[in-house]
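# An overview of the molecular structure
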Amino acid sequence: MVGVRRRFALADTAQQVVGGFLLAGPFVVTEEVWSLARSMSAVQGALTAVIVLVVGYGALYKADDRDPDREKDVLGVPIRFVSLILVSYLSVFILALAFDAPGTFLEDMAASDGTTFLGFQREMLATTLKATSIGAVFSVIGAATADTVF
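An unreviewed UniProt entry lists the protein chain under the name DUF2391 family protein, with Halogeometricum luteum as the source organism.

## A closer look at the packing of aromatic side chains
All chains considered together, the criterion is met by four aromatic pairs. Centre to centre, the rings of Tyr-57 and Phe-81 are 5.7 Å apart; their planes meet at 80°, and the pair counts as edge-to-face. Placement of Tyr-57 in helix α3 (residues 42–62) and of Phe-81 in helix α4 (residues 79–98) is noted, with a sequence separation of 24 residues between them. Judged by relative accessible area, which is 29%, Tyr-57 ranks as partly exposed. According to the relative accessible area criterion, Phe-81 is buried, its value standing at 11%. An aromatic cluster is present here, built from Tyr-57, Tyr-61 and Phe-81 joined pairwise through their rings.

## Some thoughts on the UniProt feature "transmembrane region" (unreviewed entry) in the protein chain
Mapped onto this numbering, the UniProt entry annotates "transmembrane region" (unreviewed entry) at residues 9–29, 41–60 and 81–99. With 90% helix and 0% strand, residues 9–29 has end C-alpha atoms that lie 31 Å from one another. Span residues 41–60 is 95% helix and 0% strand, its end C-alpha atoms 29 Å apart.

## Here we look at the nonpolar core
Judged by nonpolar contacts, the single largest core of 15 residues is most densely connected at Val-28 and Trp-34. At the level of elements, α1 (10–28), α2 (31–39), α4 and α6 (122–149) are the ones that each hand at least two residues to this core. Once residues lying within four places of it in the same chain are set aside, the contact partners of Trp-34 are Phe-27, Val-28, Ala-96, Ala-101, Pro-102, Phe-105, Leu-106, Thr-127, Thr-128 and Ala-131. Membership of the second largest hydrophobic core comes to twelve residues, among which are Val-52, Leu-84, Ile-85 and Ala-136.

## A few points about α4
The terminal C-alpha atoms of α4 lie 27 Å apart, and with 20 residues this matches the ideal 28 Å at 1.5 Å per residue to within 8%. Among the residues of α4, those classed as buried are Arg-80, Phe-81, Ser-83, Leu-84, Ile-85, Val-87, Ser-88, Ser-91, Val-92, Leu-95 and Ala-96. Those residues of α4 that are buried lie in contact with α1, α2, α3, β2 (77–78), α5 (101–105) and α6. Of the residues trailing α4, Asp-100 is marked for its positive phi of about 55°.

## Let's talk about the confidence of the model for the protein chain
Across the protein chain, pLDDT averages 87, with 89% of residues at or above 70. Taking the mean pLDDT of every element in the protein chain, the minimum, 63, falls on strand β3 (residues 116–117) and the maximum, 96, on α2.

## Examining α1
Taking 1.5 Å per residue, 19 residues should reach 27 Å; α1 reaches 26 Å between its end C-alpha atoms and fits that length. For α1, the set of buried residues is Asp-12, Gln-15, Gln-16, Gly-19, Gly-20, Ala-24, Gly-25 and Val-28.

## Observations concerning the pattern of salt bridges
Should the charged atoms of two oppositely charged side chains come close, the side chains can pair. Evaluation of the coordinates by the stated rule reveals five salt bridges. Among the ionic pairs, Arg-80 bridges to Asp-147, the shortest N-O distance being 2.7 Å. On the criterion of sequence distance, the pair formed by Arg-80 in helix α4 and Asp-147 in helix α6 is long-range, its members being 67 residues apart. Under the relative-accessibility criterion, Arg-80 is labelled buried at 4%.

Rules behind the numbers
- Residues numbered from 1 in each chain as written.
- Predicted model: local features only at pLDDT ≥ 70, side-chain atom pairs only at ≥ 80, totals over all residues.
- Heavy atoms only, no water.
- Phe/Tyr/Trp six-rings, centres within 6.5 Å; stacked < 30°, edge-to-face > 60°.
- Helix = DSSP H or I, 4+ residues; strand = E, 2+ residues; numbered from the N terminus.
- Buried < 20%, exposed > 50% of the residue type's maximum accessible area, 1.4 Å probe, protein only.
- UniProt positions renumbered as here; feature names shortened; annotations may be inferred.
- Core = buried A, V, L, I, M, F, W, Y, C linked by side-chain atoms within 4.5 Å.
- Contact = heavy atoms within 4.5 Å.
- Expected span 1.5 Å × (residues − 1).
- pLDDT = per-residue confidence, 0-100.
- Salt bridge = Lys/Arg side-chain N within 4 Å of Asp/Glu carboxyl O.

Here it is as structure tokens:
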């Protein structure tokens, strides 16, 4: 039937993963993204995260005829949207770690004083998270498009 939407399922997350990884890849391995992330402040990093949320929500619910009130939710947030955001950030972060992008582009930030968090020097982790947010701006578009089209 045209216009009838099926419920959110694991297949939808799989589609988001394909779209998210597809668009995340080029941004993870681009030195300019890592230089930009290095120069960003924490406020700019947070603003980038807000952009990801707004673009993701708009792509799912404003550019398409989905009704977020008709979907299952977690604490009032639609599960589809939660999945989209997780996929958008995790696809970029996983690729960054798989390709050793932080080690390659931020090698001068390697921990020499022993202050680490999860194996990262704190400044290196902060820059990695900002780079992840930059990539997520594009990954969220791919993930939302794949979810909507397929």
